[in-house]
Amino acid sequence: MRSATSSSENSRRFYPALWKKNMARFWPIWAVYALGWLVALPLNLLLSAQSTSAMNGMSYARYFAVDTVRLMATFPTVATAVCFAILAAMAVFSYLYSSRSVAFFHAMPLRREDLFLTNYLSGLSFLVLPAAGVFLLTLLAELALGVLDLRGLLVWLLVQVLLSFFFFSFAVFCAMFTGHILALPAFYGILNVLAVGLLYLVNQVLASFVYGYVDVGRLTELCDWLSPFFRLGNALNVETAWSVEGAGADRITMIQFRGMGTVFIYALVGVVLTAAALWLYRRRQLEGAGDVVTVSWSKPIFKYGVGVCAALSMGQIFYQFFAYVLPEGGWYLLCFLLVWGAVGYFVAEMLLQKTFWVFRGGWKGCVALCLVLTAFIAAMELDLTGYERRTPSPDRVVSAALYATNTAPYDNGDGTVIVTDPELIEAVVDLHRAIVDEQAIQENAQMGSDYQRVAVSGGQADIQTAGSSRVSISYTLIGGDEMQREYRIAFDADTLADPNSAAGKLSAFLNRPEVIQEQYFSSNREKALADGSLRLTGIELEVWNTEKEEYETYPVPVGWREEVLQALQDDIAHGDLGRRYLLEDLERLENCYFTDLRINYEWSDPEMGGTSTRITLQTTSVETLDTLREAGILDDTHILETQLQRNIGDTAYYYD
């Protein structure tokens, strides 16, 4: 005769008595969770119904039901699910963290699978049952107020249940790796953001000494997915469209919850985590209660992981702290990484061994960690991967984008330059190669700005004699691959005058007429203008009034707008307008006016608004100035001031 616990009746079972005990014992968790959502949804809805004001053309209660309920399914749901999931897991599996309680529960005539299932469903009930109750009460409140939006409520409930399931499964999975109840929330919290945090630390380390290093976009996206708190917080949002014309003005015409696909993906991951947690529980060593890590194969991961995180975080903090007294470079950073990597490794070893005397047995692992860190820094510092020297072949580049900071004048010509023409792509690659060739010079150069006060006609003015610019280069290669680099280059008048220097090539590229033309009159805008979907609505001259210390606007007459546009483009083609300056030198101050020409466009669809282009006039733009005079905009009353005239006698710059 088989016993009651024999295999004949050992199908996996759920024990209601244990479930009820968990619900009664840990009632504050689900009660506080329920209370929070009761206040956030049904009570908040009833209070909003008391308002007599309107919200975007509808009552507050209606707006709450249609829009606010969906908003509650975004970050508020993520945040509450993250917090209460770990509390529920700590509660229902708390017996695993005491030798006495773990021995008691596993001495009962229950299979581990049954015990796991009952406790798992108990903890999940802490989150799901309150959500269902809040859903029903909110549904009744909306019915009573006549503002029912069942779809919005179902969206909230579905997201609430699925995210509760994922985060609780994640917490239970973490619970299987430790025998210490305080280690559980630490593991859970760290793993929720670990991938993003590690990537940030690695990027910061590499940016400190790898010439031109830029974050890897694809790796960033992968780490974002591996950090569910960040991914869900960014992915979940509500898109709302409003009518702006007619009798339905200020009414919602479209409302869409975004990110449901992401929620389903994480819910599927939750299924995998639940199965993995059960597998770990069945093989769990019960005598590991009280240990920080109970799974033997994960102990080395814990030790080396803590060491790496300590090295990347604390090592970098101390390196930056002493940055003013130490030369820049990977070898100096390596010293701090090794010290803090060793500290982190031995601290982890102490937690695992439960003793401070771990140096004799743990020094080999510490040496291995230090060797790995040394190899990593050496590979980057010596450029063994070829990252710093790598430039693409122009014939493999589909498009190139270049952005340089501190280029005057500060109008719409100082944005990112995107080129697809093979000749311009080759110019960008040539500039890139020049920057790479000057690596030793640029890494040792002073990146500040120098000014000198000089005598000019009418007084004195400050002119810039040296400066620097941050140059970002991005390539889209054949096949869709991307290559990005970012540099900081220093220059003065001599290097800018040298056509073979990086600064000289940068200045020459920015001042190519076709590049300037694209900056002010992009091909996309001109195509939209030609197709009729975009219309020119005006050209305005903004002249600085010295007496009033403000801009005054003078519209160009309708009949002259096309002529002014043509004059602008002719001046650009001749190299007489749009001249870019990397230094606020005398030439820049004498050539650029303290005056802008603003060209306004409007889309044919009123909801799309408009756009504008702002161009700083220059003394060399003869055709434009003559056209403005013929149009009657410039006369004896409207006299333009140059930057030099504005800056004479000033002790600092006033940028346009």
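These numbers come from a predicted model, not from an experiment.

Enquirer: Quick question: what am I supposed to make of the packing of helix α4 (residues 75–92) against helix α6 (residues 112–145) here?
Expert: Packed helix pairs are specified by the crossing angle of their axes together with the interaxial distance, meaning the distance between the axes. Packing of α4 against α6 leaves a shortest axis separation of 9 Å and a crossing angle of 145°. Crossing of α4 over α6 shows right-handed handedness. Contacts between α4 and α6 involve F84, A85, A88, A91 and V92 from the former and N119, S122, G123, F126 and L127 from the latter. The residue makeup of the contact of α4 with α6, split by class, is 7 nonpolar, 3 polar and no charged.

Enquirer: Please clarify how the packing of aromatic side chains should be interpreted in this entry.
Expert: A ring pair, where both rings are aromatic, is described by two values, the distance of the centres and the angle of the planes. Taken as a whole and judged by the stated rule, the model has 27 aromatic pairs. Ring centres of Y304 and Y345 lie 5.5 Å apart, and the angle between their planes is 45°; this geometry places the pair in the tilted category. Note that Y304 is positioned in helix α12 (residues 299–321) and Y345 in helix α13 (residues 330–353), a separation of 41 residues in sequence. Here a set of aromatic residues connected by ring pairs shows up, and it is made of F93, Y95, F116, Y120, F168 and Y281. Lying over the aromatic face of Y387, R485 brings its terminal NZ or CZ to 3.7 Å of the ring centre. Directly above the aromatic system of Y581 lies the positively charged group of R579, at a separation of 4.9 Å from the ring centroid.

Enquirer: Please explain helix α21 (residues 561–573) as it appears in this structure.
Expert: Given 3.6 residues per helical turn, the α-helix brings residues three or four places apart onto the same face. Taking 1.5 Å per residue as the helical rise, α21 with its 13 residues ought to reach 18 Å, and the 18 Å between its terminal C-alpha atoms agrees with that figure. Among the residues of α21, R561, V564, L565, A567, L568, D571 and I572 are the ones counted as buried. Buried residues of α21 fall within an arc of 160° about the axis and therefore sit on the same side. Relative to its buried face, α21 has exposed residues pointing more than 90 degrees away, namely E562 and A573. Of the surrounding secondary structure, the elements contacted by the buried residues of α21 are α19 (513–520), β10 (534–545), β12 (592–603), β13 (610–618) and α23 (622–630).

Enquirer: Help me out: how do you make sense of the sheet that holds β13 in this one?
Expert: Paired through their backbone hydrogen bonds, the strands of a sheet run either parallel or antiparallel. Sheet architecture is open: 4 strands sit in the order β11-β10-β12-β13, paired in antiparallel fashion. At either margin of the open sheet sits one strand with a lone partner, and together these are β11 (550–555) and β13. Geometrically, the sheet is characterised by an average inter-axis angle of 30° between neighbouring strands, direction not taken into account. The pairing of β10 with β12 spans 9 bridges and is antiparallel.

Enquirer: Got a minute to help me understand the pattern of salt bridges in this structure?
Expert: Where charged atoms from two side chains of opposite charge approach closely, those side chains can pair. Counted under the stated rule, the structure contains 20 salt bridges. The shortest N-O distance in the salt bridge between R111 and E113 comes to 4.0 Å. Classification of E113 as buried rests on a relative accessible area of 11%. A salt bridge links D430 to K505; its shortest N-O distance comes to 2.8 Å.

Enquirer: For this particular structure, what's the right way to read a nonpolar patch on the surface?
Expert: There is a patch of nonpolar side chains on the surface, built from L137, L140, L143, L148, L150 and L154 and spanning about 530 Å² of accessible area. Looking at the nonpolar patch, the elements with two or more residues in it are α6 and α7 (150–175). Here the nonpolar patch gets 3 residues from one element, more than from any other, and that element is α6. Along the polypeptide, L140 turns up in helix α6.

Enquirer: What's the story with the environment of A61 in this structure? I'm lost.
Expert: By secondary structure assignment, the location of A61 is in helix α3 (residues 60–71). When the C-alpha atoms of A61 and Y33 are compared, they prove to be 24 Å apart, with 28 residues separating the residues in sequence. With near-sequence residues (within four places) excluded, A61 lies in contact with L45, S48, A49, L145 and V147.

Enquirer: Help me understand the nonpolar core, please; the structure alone is not making it clear to me.
Expert: Looking at soluble globular proteins, one finds that nonpolar side chains tend to be buried together. If you look at the biggest cluster of nonpolar residues, it comprises 84 residues, and the most contacted ones within it are W156, F167 and F168. Among the elements that take part in this core, α7 stands out by supplying 17 residues, more than any other. Sequence-distant contacts of F167, defined by excluding residues within four places in its chain, comprise V78, A81, V82, A85, Y188, N192, P228 and L232. Within the second largest apolar cluster, 32 residues are counted, among which are A404, V429, L431 and F509.

Enquirer: Explain the layout of surface pockets to me, please; I cannot follow it from the model alone.
Expert: With a probe scaled to a water molecule rolled over the atoms, the places where space remains empty come into view. The computed volume of the largest pocket comes to approximately 930 Å³. Forming the boundary of the largest pocket are 31 residues, of which A207, S208, F209, E328 and E443 lie nearest the centre. Among the elements of the structure, α8 (183–209), α12, α13, α16 (439–443) and β9 (482–492) are those that each provide at least two residues to the lining of the largest pocket. Its residues placed into classes, the lining of the largest pocket shows 14 nonpolar, 10 polar and 7 charged. Of the pockets and cavities examined, the second largest pocket occupies roughly 660 Å³. Looking at the second largest pocket, it is lined by 23 residues, and the ones nearest its centre are F187, I190, L191, L194 and F302. Breaking the lining of the second largest pocket down by element, the ones donating at least two residues are α7, α8 and α12. Among the elements that line the lining of the second largest pocket, the one with the most residues is α8, at 9 residues. Here the residues of the lining of the second largest pocket are counted per class, giving 19 nonpolar, 4 polar and no charged.

About the thresholds
Residues numbered from 1 in each chain as written. Predicted model: local features only at pLDDT ≥ 70, side-chain atom pairs only at ≥ 80, totals over all residues. Heavy atoms only, no water. Axes fitted to C-alpha atoms, helices over the stretch in contact; angles between N-to-C directions. Helix = DSSP H or I, 4+ residues; strand = E, 2+ residues; numbered from the N terminus. Left-handed = near helix turned anticlockwise from the far one by under 90°. Contact = heavy atoms within 4.5 Å. Nonpolar A, V, L, I, M, F, W, Y, C, P; charged D, E, K, R; others polar. Phe/Tyr/Trp six-rings, centres within 6.5 Å; stacked < 30°, edge-to-face > 60°. Lys NZ or Arg CZ within 6 Å of the ring centre and 35° of its normal. Expected span 1.5 Å × (residues − 1). Buried < 20%, exposed > 50% of the residue type's maximum accessible area, 1.4 Å probe, protein only. Arc of directions from axis to C-beta. Pairing = 2+ DSSP bridges. Salt bridge = Lys/Arg side-chain N within 4 Å of Asp/Glu carboxyl O. Patch = residues over 30% accessible without salt bridge, like charges linked within 9 Å, V, L, I, M, F, W, Y side chains within 5 Å. Areas by Shrake-Rupley, 256 points an atom, 1.4 Å probe, with all protein chains shown as cover. Core = buried A, V, L, I, M, F, W, Y, C linked by side-chain atoms within 4.5 Å. 1 Å grid on protein atoms, 1.4 Å probe; cavity = no way out; pocket = protein on both sides within 12 Å on 5 of 7 lines; lining within 4 Å. Points joined across faces, edges and corners; volume = space filled by probe spheres on them.

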